[in-house]
Every structure is written in structure tokens, then in C-alpha cells.
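Coordinate inspection notes
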Amino acid sequence: MAILSLKNVQKNFGITEIIRGVSLDIIEGEKHAIIGPNGAGKSTLFHLISGRYKLTAGSIRFKTEQIENKPPYEIARMGLARSFQVTNIFPRMNVFENVRCALFWSKGYRYSFWNLLGRQHELNDEAMQVLEQIGLCDKAMFPSGELAYAQQRALELGIAIASGAELIMLDEPVAGMSHSEAENAVELIRKITEGKTLIMVEHDMNIVFDVADRISVLVYGEIIATDKPADIRANPKVQEAYLGEVRSA
Amino acid sequence: MTLLRKSSIWIVFVVALFGLPQIFDSILAISILNQMAIAIVFALSYNMLLGQGGMLSFGHAVYFGLGGFLSVHALILIEFETMVFSILWIPLIGGLFGLLAGIFIGSFSTRKAGTVFAMISLGMGELIAASSLIFSSFFGGEAGISGDRTFGPLFFGFDFAQNIEIYYLAAVWVFIATLFMYLFTQTPAGRMANAVRDNPERAEFIGYSARKVRFISFCAAGLFAGIAGGLFALNYEFITEENLNAATSGRVLLMAYIGGLGYFIGPIIGAVVLTLMNSLLSNYSELWMLYLGIMFLLTVMFLPRGFAGFIMMHQMAWVRGNMKMLVKPYIVTGIPALLFAVCVIVLIEMSHSDEETFHFLGMTLEPSSSITWIVLIAIAGAAFYAVRRSRAQLLDAWETANAAPKEEQS
Amino acid sequence: MLEVLIFATLNGLVTGFLLFMLASGLTLIFSMMGVLNFAHASFYMLGAYFAYSLSLYFGFWTGLIFAPLIVGVLGALVERYGLRKVHQSGHVAELVFTFGLAFLIEEAVQFFWGRDTKNYQTPEILDFPLFTLLGQEFSAYRGFMMAISIGIFIALYYVLTKSRVGIIIQAAITHPQTVANLGHNVPLIFMGVFGVGTALAGVAGVIAGPVLTTFPGMAAVLGSIVFVIVVIGGLGSLAGAFIASLLIGLLQSYAIASDVGMPDLLDLLGLSFARDHPLNDLWTINLPQIAPVLPFLLLVLVLIFRPTGLLGKREE
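Notes on the structure follow. Sequence order sets the numbering: in each chain, residues are counted from 1 along the sequence as written. Note on labels: chains are lettered from A, ligands numbered from 1, in written order. Local features in this predicted model are restricted to residues whose pLDDT is 70 or higher, and side-chain atom pairs enter the listing and the counts only when it is 80 or higher, whereas totals over whole chains, interfaces and linings include all residues. For the side-chain quantities, the full set of heavy atoms in the structure was used; hydrogens and water were omitted.

1. A few points about the packing of aromatic side chains
Applicable threshold: Here is the rule: rings of Phe, Tyr and Trp (six-membered ring for Trp) pair when centre to centre is within 6.5 Å. Planes less than 30 degrees apart are stacked, more than 60 are edge-to-face, and the remainder are tilted. Working rule: Lys NZ or Arg CZ, within 6 Å of ring centre, within 35 degrees of ring normal, means a charge sits over the ring.
Under the counting rule described, the total for this entry stands at 50 aromatic pairs over all chains. A connected cluster of aromatic rings, assembled from ring pairs, spans Phe58, Tyr257 and Phe296 of chain B together with Phe38, Phe99 and Phe227 of chain C. Across the ring face of Trp105 of chain A, the terminal group of Arg77 of chain A is positioned such that the distance to the ring centre comes to 3.7 Å. Across the ring face of Phe142 of chain A, the terminal group of Lys139 of chain A is positioned such that the distance to the ring centre comes to 5.1 Å.

2. Quick look at the nonpolar core
Here is the rule: Buried Ala, Val, Leu, Ile, Met, Phe, Trp, Tyr and Cys residues that are joined via side-chain atoms within 4.5 Å together make up what is termed a nonpolar core. When accessible area is computed with a 1.4 Å probe and restricted to protein chains, residues below 20% of their type maximum are described as buried, those above 50% as exposed, and intermediate ones as partly exposed. By the criteria applied, helices consist of DSSP H or I runs no shorter than four residues and strands consist of E runs no shorter than two, each listed in order from the N terminus.
Ranked by size, the top nonpolar core spans 261 residues in total, and within it Ile87 and Met192 of chain B together with Leu36 of chain C carry the most contacts. The element that contributes the greatest number of residues to this core is helix α1 (residues 2-33) of chain C, accounting for 16 residues. Residues Leu4, Leu24, Ile26 and Ile199 of chain A belong to the second largest nonpolar core, which totals 26 residues.

3. Examining the sheet that holds strand β1 (residues 2-13) of chain A
The test is simple: Between any two strands, at least two bridges found by DSSP are needed for them to pair.
Pairing is antiparallel across the open sheet formed by four strands, whose spatial order is β2-β1-β4-β5 (chain A). Strand pairing shows two members of the sheet lacking a second neighbour, β2 (16-27) and β5 (65-66) of chain A, which therefore form its edges.

4. Considering the sheet that holds strand β9 (residues 214-219) of chain A
All names here are of chain A. Using the following cut-off: Think of each axis as a best-fit line through the C-alpha atoms, taken over the contacting stretch in the case of a helix, with angles from 0 to 180 degrees between the N-to-C directions.
Pairing in this open sheet of six strands is mixed, and the strands run β6-β7-β8-β3-β9-β10 from one edge to the other. Of all the strands in the sheet, the pair left with one neighbour each is β6 (80-82) and β10 (222-227). Averaged over all neighbouring strand pairs, the angle between strand axes comes to 15°, with direction disregarded. In the sheet, β9 pairs with β10 via five bridges, with the strands oriented antiparallel.

5. A closer look at a nonpolar patch on the surface
Counted only if it meets this: Patches were defined on residues exceeding 30% relative accessible area and lacking a salt bridge, with like-charge contacts within 9 Å and nonpolar side-chain contacts (Val, Leu, Ile, Met, Phe, Trp, Tyr) within 5 Å. Throughout, the Shrake-Rupley method with a 1.4 Å probe supplies accessible areas, and for residues the shown protein chains are the sole cover considered. Salt bridges are counted wherever a side-chain nitrogen of Lys or Arg sits within 4 Å of a carboxyl oxygen of Asp or Glu.
On the surface, Ile70, Val73, Leu74, Leu77 and Tyr81 of chain C cluster together to form a nonpolar patch covering roughly 440 Å² of accessible area. Along the chain, Leu77 of chain C turns up in helix α3 (residues 60-87).

6. Some points on the arrangement of the chains
What counts, and what does not: Note on contacts: a residue pair qualifies if any of its non-hydrogen atoms lie within 4.5 Å across the two residues.
In this assembly, two pairs of chains are in contact, and the pair with the greatest number of contacts comprises chains A and B. Spatially, chain A and chain C are disjoint, and the shortest separation between their C-alpha atoms is 13 Å.

7. Section: the interface of chain B and chain A
Where the parts come together, the accessible area they lose is often given as the size of the interface. Heads up, the rule is: For any pair of parts, buried area is found by adding up, for both, the accessible area (1.4 Å probe) each one loses once the two are put together. In protein, a polar contact requires one atom able to donate a hydrogen and another able to accept it; more generally it is a pair of N or O atoms within 3.5 Å, and residues adjacent in sequence count only if both atoms are side-chain atoms.
Counting residues at the interface gives 30 residues for chain B and 37 residues for chain A. Interface area for chain B against chain A, summed over the two sides, is near 2,900 Å², with a carbon-plus-sulfur share of 61%. Among the residues of chain B in contact with chain A, Arg202, Phe205 and Tyr208 of chain B are the three that bury the most area, contributing 25% of the side total. The interface formed by chain B and chain A holds three salt bridges in total. The partner of Glu201 of chain B in a salt bridge is Arg52 of chain A, and the shortest N-O contact between them spans 2.4 Å. Summed over the shared surface of chain B and chain A, the number is 14 residue pairs in polar contact (both at pLDDT 80 or more). Those elements that place two or more of their residues in the side of chain B that touches chain A are α7 (163-185), α8 (188-198), α9 (200-205) and α10 (210-236) of chain B. It is α8 of chain B that contributes the most residues to the side of chain B that touches chain A, eight residues altogether.

So this is what it looks like as C-alpha cells:
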């Protein structure tokens, strides 16, 4: 059952075509990686799905609704969460608050200016649980803008998963991390996306082949192949366009 | 924190609100306390926009002024017995009008924060201030409108003719308004306002319309500014176009900024300091506004987190019991800095006055003698140099005092 | 009627060109630093005051040459020692800084020159009517104002588009990093552009001072209107600022010169209201009355319906 379905998605900036007719079905519960050379349009694709950019043409269905041209907040409320390539947290709030904010909508608080947060024990407990999952419990009261890079990326993940979204989209989650930090991050990702659908943009082939059930290869705004990792590796078109230039260990 | 510790600061607040007029009971003091009360509510309401919400407004006086104008009209209605209710409710009426204005103007202003928002607020502020001169039946033209607060039902025998009576009424409203503005920050709406301030894009991706979040803060800010306007109307029984115009909007920006935007208590500090400068300093020097301008600019450049921020910078040192490490460095840098400031002030005042002699701290100086000038400039120069030399050691001491005993950062 | 139209147009053009002199400097500074210089009109005021003082001792023409230079140097110093420091604290801090600067300059002007209106005279040789049309005079000084404005624009256009310095500046405005990597001293360029921008405002002050009166409130009077112009024209667009300046100049000029009002509109619709109607003020309003308000009305409308302005480029 496809939880997310893209049909002929097109995105132009002026006369430049960035996404040129992408069709893709993401199966519920799968871990799907999107790879491709720089400039292929991977981040743009994410922006189109999550509502940051408007489509030039085509349609996107998430669960039972067409979401193209819906504003990001409506899409998020439907159960889609994403993280960003460049860390995108709330720097002046502390770590705990960052995560708690991500929980508000799913816990039904809406725009309430009458619920005092000190009294919302269930909410606060759940926020602490998320912190525990991402390993930032001891930094709960720390101003998030002053965290070390890897911890900010962990928080980034935390914000994305806190709302209990069913579809999680991660944009280069381990970019800029050292080898051991990346290993920890991947473990974390595996743990927190159990039972959920994951779409991940990633450059590190080891991680991709390790984590993904299926891989799509995006080149110059088009998907040239979608398949299981081993088949992608063997696909000559892919080798020529992408893997052929990158030697993975 | 236990409930007692948490509420201890509120207890101090209440004690200060109701206790200060017992200590400072001269007519001047009560008048200043009244002004402070109004300024505190106004400045706190402004911070809902700027400090909490990241929205820089140059037109906040509109809600203050509109609240004040409706309040004075309400006083007139009470006076002529067209309506009968106690003046205790006047600030609420002001607040409601401020809220209505906020809803109307906020409906199209809050799409974006940043420069666009600032420009809309400026435009609306000027528009409404200029319109108020045209619609003289409501706004009274250049002369404004006035009322009398001693009418209407008595409150336990009080008719509020005296300033001290009005002060206690204002104190109750200040407490209520401050409490509610604080509680707002502890709600999802208040927290999301912070989130939208920090990162409007990310806020949308966690399910919130940035525009709607801003709109709620905007309306709330209008409500409380209107309450401040109502308090103003009760205190002065008089209001004019000046109270809605850009100068008043600028003044509340100054108050909030100098006090410190990032802390709830910041605008309170700013309101108190500015009111004191306004009332007391103006008696000593005609140039107090020049000093205010200089102080403001220096704050923006060197103390971007305001007075509250400056105090909070010492929080770590206080918690760690390291405050005594800072005493000597502050004296070493502080005294020359103070000397420099004093010399500059004397130089400024001397050049402004046309009198033969200039009195300062019991000393008599002669502006006509060039030696006076040379000496003053020399002292100022030396003091400035001393400050620059000693800055490094102050920063060092401050870092050590604030540093963790063992390495916390990973 | 015709002479009213012609003179209103001419006066509107004079005002429009003057406003553009202010708006162009503001736009250059905004394009470069992303900050609206709230104190821009204050430099205009300083230009008028410096020129006034200079003119007392050395005559108008000395003032015309040296006052803008002094103002430009002051502007460059403000950028170097003030704005640059505040830049790291963010956009809001920069706006608040320039706001504080405007406040301080107004107080400083009152401190150094006093609160009264200064008797800044137009030069005698320009004290004659340039032409007389249908009974009304158009003073040579106003013609001079237009000539200077146009001359400066042409010079600015050539410098920006044809000279090497200009091209570097244009590049630095959109790609400061690249320009720095090419070996150019970008901070110096920034300081220079800020200085030139403020000097332009100073020139506007020098020539407008005698006509629009030189007093401590003169910055406040024009300040808001200049913001309206750059926003309506589109933040960052010089062409937009030009169109908007002329638009506002002409609009205000026509509004003031006309004597159309609400009563005429009501007559047209066949309505009338009693004198004690609560909205009587609205029914008796006329165009000259709301002329000062028109720019702000336009500002709010533009910001609601077309937030990027007429020709806006730079999105936040």
C-alpha cells in the first residue's frame, strides 16, 4: 500500500527545470533512500513533498489526500515530518522546549493560550521520553543553539519524530559527522523509525545500502531507477550516472 | 522548584507594588509610581510582540492610544450618566478596544515578520495618528479630549479623586496584567510564538501556521496595550493624538530594548528606568533626552540584551559563588568609566549653558576659562584610555567567574 | 485650472526628484546590507544644517559642495564603528540601531543648533522667477533643484553601470563573498557605499533646506515618506524607487492643489448627511486634508496586496 504517491511531479524555477516528471510510490513501512549526484534535485523533491515549494505540474498523494499545494503545516498535521540538511532548530529555546513544541499539535493543544504547560504532565513526560530516545536527556535545559553539531543533528531528528508522524523524511541526516558519530546516528535512526515509513536522502553509500529496503536514483530531476539495493548496484544506467564515479568501500 | 520559591518573585512584586507608595509618599513620588505602572504594562505588552514574537513594531502606540481614547470617552459617558459603571472597569474597556484594533490590523499585518511587518506597523501608525487629527469628534483634534474620573459608583467610599487612590487601582491592574502576560508565555501559544520567532519555517513543519501564531500574539499585545491606555486615561484624565503617534511608539521600543528583550522582567526594568529618567533627570538637565539617545545607542551596540541581560550574564557567577572575583575588575574598569561619563556630561552641560559659572558637585567651574576645558578633556581622555586598557582583564575575570569547575561542554 | 495642473505637476516633479535623491541612497544601502537605514532622513537633516552653517560664513555654494562631504564622512564613520558592530546581532538589532541613531541625531541637532527654525537662504542669484505661466511664477531655485537632482542621477547611473568601481559595487551588493575572494576590500566598499548614500541624502538636505524649512523636525517629516517610497517601489529596486518617488510627489502635489472633497463625492451619489451625524468628520473631508495621509494609505495597500512592491527584487 503506497503511503506516498508522486505522479509526474514537475518543478521549474523560471525556465529552469529542476524536477522533470518524477513518479514514485513509497510503500508503507519501507525504508526508502533517494540518492543521486549533487544538484540532482533531491532537496527540491523533499521541499515539494513537504509543502515548502509549489509544484509546477503533477500531483502528490499522501495517505488518502492530494497534498500538492497544501501549506506545510497542513501536511505536517497529516502525519508527515521532515528534518533538514542544514540544522533547522529553535536556537533560543532549550532542548526540552524544542522537542515539546513538536509534540503540541499531535497532543491536541492547537493554539491554546489557556493550558499552562507546567501542569501538562503527560506532555512533559512524553517530551522527556523523546529526549531519552535521542540521548539528550542530560542536556534538556541547555540552549539548543549552543549544542555541539552532532547533538544538534540529534535534536533535529528528535523534532522530526516527536510528533509521532508515520512518514519521516530525513535530508542528509549524518552530513558533516565523524565516522563514529554517524554510526550512532544511524543506530538512532533505525531505532526511532521502527514501524514507520522512512524516506532518506543520503550520500554515504554504506549507510544507504545498510538501511534501505529500496533505493531510488535521482539524476537531473528524473528518477532513472527504483529497486532493491543489490539490483541498483548492478543496474548499468545507475553505475554509469552515479555509482561509476564514486567508489564505495 | 517548590511553589513557594517559584512564587517568591511574585510576592516581591506585590510587596513592591503596594509597599513602595508607603515609603515614597510625596506627591511627586506617587505621580512617578503611577507613570511607572502605566509604562510597565505598555512595555510588557510590546515585548509580547518583539521579545517573545520577534515582530519589530513601530506603531504599537496605536493600541495604547485607542484604548486611552475610548477610556476617556467612557469616563465622559459615566460623568453624564449615559452609562453607569464603576471606573474600576475602565482599563478593561481600553483593553477591549485595543484587542479589537489588534484583530483588525493584525488580520493583514502578520503574514510576515521582519522588515515588511515593521513597515506595515509604521505605515498604520502614521495613518491612524494622522487620521486622528482629521476625525476630531472622536479624537478631539489637536487639543485631545479630557474626562473626570471622580464620577460613577463609589468604591468602598472612594471616588478616586486622589492620585494615591488611583495608584492602588492601577497597582491591582498592573498585577493582573503582568500575571496574565507571564502566564501567556507558559502556554502553547506563547511557546509557539517563541518558536516562530526563532524559526518560522520549522514551526510550520511541526504543524503550526506561523501567521496564526503571530496573529494571536499580536491581538494579545493589543489587548494589554489597551489596558495600559486605560490606566493612562484614569491617571491623567486627558489624552491626545501624541499618545498614538510614532514618538510614543518609539518610546516603548526604547523601554523594552533597554530593559532587555529576551527576559520577561526586561521591559519592567526598562519602564522603571525610563520613567525615572523622564521625571527626575529632566529636572536636572534639559539635555536628558540627548543622554537617553546616547544611552540607547550604547545599549544597542554593547549591551544588546539590555539591562536584564547584563544582570543575567552574572547568573553563572552568582550560582557558583564567584561574584567576589568580579569586584576588583569592576572597580578597576568601572571607576575610570564613571569618570569618563561624568567628564563628558560636564563638558556637554557646560557647552549648553550660557551662564558665567557652572556648579557641579559643590565645585564651581568657569566655562569661560580654557583651562577648565583642557583639564576636563584631559581627564576624560585618560579615563577612556584606562577603560580600554583594563577591558581585557575584566573580560578574563568574567570568563573565569562564569566557567564551570569541571568541563561541562562536550 | 490649467495653470494649477501645470504648476502642480512641476512642483510634484521637484518634490519627486528630491524624494528620489533620498530614496536612492536608502535603496543602495538596503540592497547592500539588507537593513533599512532609519536614520537616512537624519543625514538629510544634517546636510541642511551643515550647509546652513557653512552658508553663514562662506555662502551657499560652499555649503553645497562641502556639506554633503561632511555628511558622507560621518555616514562612513557610523557604518565603520556603529553599524558594523551591530551587524552580528541580527537584522532587528540593526534596525533598532538606526532608529536610535535617528533619535540621537535629532537630539544632537537641537543641542548644537538649538530648537528654532533656521533662516537658511536660497542664493541670491537664483532668486528670480524662471518663467511665468498664466499668471503664476516658477522660481529659478526650484528649477535649480530639479537640475541638480537630474544631474546627480545621470552621474550615479554612469558610475554604477559604466565605471569599474560601479561594477564592483554592483557585484558586491549581491555577492560580497565572491567579490572579496577576488581580492577587493569589501568592508571598504560597504563603508564607501554607505558614505555615498548618506552624502546623497546630505545633498538633498542642502538644496531642500531653504525651501522645506530647516528645523529639527525636518527628518521626521520626510523620513516616513521615504520609507513608504522604497517599500512601494520595491525594496532593493532603484527603478522602482524612482517611479514611486515621482508617483508620491505628484500625488501629494495634486491632492494639495485640488479642492475636491467628500462632499463632492456625496453630491455625485446623491447622498447627504446632517451636520451632527457621528461621522460628520468623514463626510466633510477634502483631498488637501488627507494629502499627508495618502502615502501611508498607499503603503498599507501595497504591503497587503503586493508585498514585494512595484518592482521589488529582494525577498527576505
